[in-house]
Amino acid sequence: MTHVLVLNGPNLGRLGSREPDVYGSGTLEDLKAELEAAASEGTSIDLRQTNDEATLIGWLHEAVDSAQPVILNPAAFTHYSYALRDAAALVTKAGLLLVEVHLSNPHAREEFRHTSVISAVATGVIAGFGFDSYRLALELIERRLG
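Residues numbered from 1 in each chain as written. Predicted model: local features only at pLDDT ≥ 70, side-chain atom pairs only at ≥ 80, totals over all residues. Heavy atoms only, no water.

**A short note on the nonpolar core**
- Val 6, Leu 35, Ile 45, Ile 71 and Tyr 134 are the most contacted members of the largest nonpolar core, which totals 22 residues.
- Leaving out residues up to four positions away in the same chain, Ile 71 has contacts with Val 4, Leu 5, Val 6, Leu 7, Val 99, Val 101, Tyr 134, Ala 137, Leu 138 and Ile 141.
- Residues Phe 77, Leu 84, Val 91 and Ala 122 belong to the second largest nonpolar core, which totals 21 residues. (Core = buried A, V, L, I, M, F, W, Y, C linked by side-chain atoms within 4.5 Å. Buried < 20%, exposed > 50% of the residue type's maximum accessible area, 1.4 Å probe, protein only. Contact = heavy atoms within 4.5 Å.)

If you want it as structure tokens, here you go:
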């Protein structure tokens, strides 16, 4: 059984009502249902969201300790959280997959969103495809862990 942690940072708990023109009209519950439907037999999805940086870091530590691959949408922490970057690096340095995802394309938005401190330590980055960004990340993880 493959357990995939799908971790979401600040304000993503407001999906569905927060700027639907940018983030879509689906909620986190909708995302979880879509990922569970897309997951292969033998893959479980553990989707979580927090507005707290320390909690997100703790979940990345948990991924290392339990050897779980991660789909990470760091949200606003993407652009400045070196503490989160260091925790993400622990995941990939442990030989685990960590795919950074974004619903929107940060490079097509405000300039401050163009920089990610996470990307350099992630296995890869998928952005700009809404919920499909997560599904593509899940497909990649399943294929790699095949």
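**Let's talk about the environment of Asn 105**
- Inspection of the secondary structure assignment puts Asn 105 in the loop between strand S4 (98-102) and strand S5 (124-127).
- The partly exposed category is assigned to Asn 105, whose relative accessible area is 34%.
- Through-space distance from the C-alpha of Asn 105 to that of Asp 65 is 31 Å; in sequence the pair is 40 residues apart. (Helix = DSSP H or I, 4+ residues; strand = E, 2+ residues; numbered from the N terminus.)

**Comments concerning the pairing of strand S3 (residues 70-73)**
- Burial along S3 is two-sided: the face carrying Val 70 and Leu 72 and the face carrying Ile 71 and Asn 73 are both buried.
- Note that S3 and S4 share three bridges and pair parallel. Each bridged residue has a counterpart across the sheet, and for Val 70 the counterpart in S4 is Leu 98.
- Handedness of the S3-helix H4 (residues 82-93)-S4 crossover: right-handed. (Pairing = 2+ DSSP bridges. Right-handed = clockwise from strand over helix to strand, strands pointing away.)

**A closer look at unusual backbone geometry**
- Although it is not a glycine, Ala 67 adopts a positive phi angle of roughly 55°.
- Among the secondary structure elements, Ala 67 is positioned in the loop between helix H3 (53-66) and S3.
- For Ala 75, which is not glycine, the phi torsion reads 55° and is therefore positive.
- With respect to the helices, strands and loops of the structure, Ala 75 is situated in the loop between S3 and H4.
- What makes Ala 75 buried here is its relative accessible area of 13%.

**Topic: the pattern of salt bridges**
- Tallying each qualifying case throughout the model produces six salt bridges.
- Here Arg 48 ties to Glu 62 by a salt bridge, and the two come within 2.9 Å at their closest N and O atoms. With Arg 48 in strand S2 (residues 43-49) and Glu 62 in helix H3, this residue pair connects regions lying 14 residues apart in the sequence.
- Look at Arg 48 and you get buried, because its relative accessible area is 16%.
- With a shortest N-O distance of 1.9 Å, Asp 132 and Arg 135 are connected by a salt bridge. Residue Asp 132 and its partner Arg 135 are both found in helix H5 (residues 131-145); the two are separated by three residues, about one turn of the helix.
- Under the relative-accessibility criterion, Asp 132 is labelled partly exposed at 35%. (Salt bridge = Lys/Arg side-chain N within 4 Å of Asp/Glu carboxyl O.)

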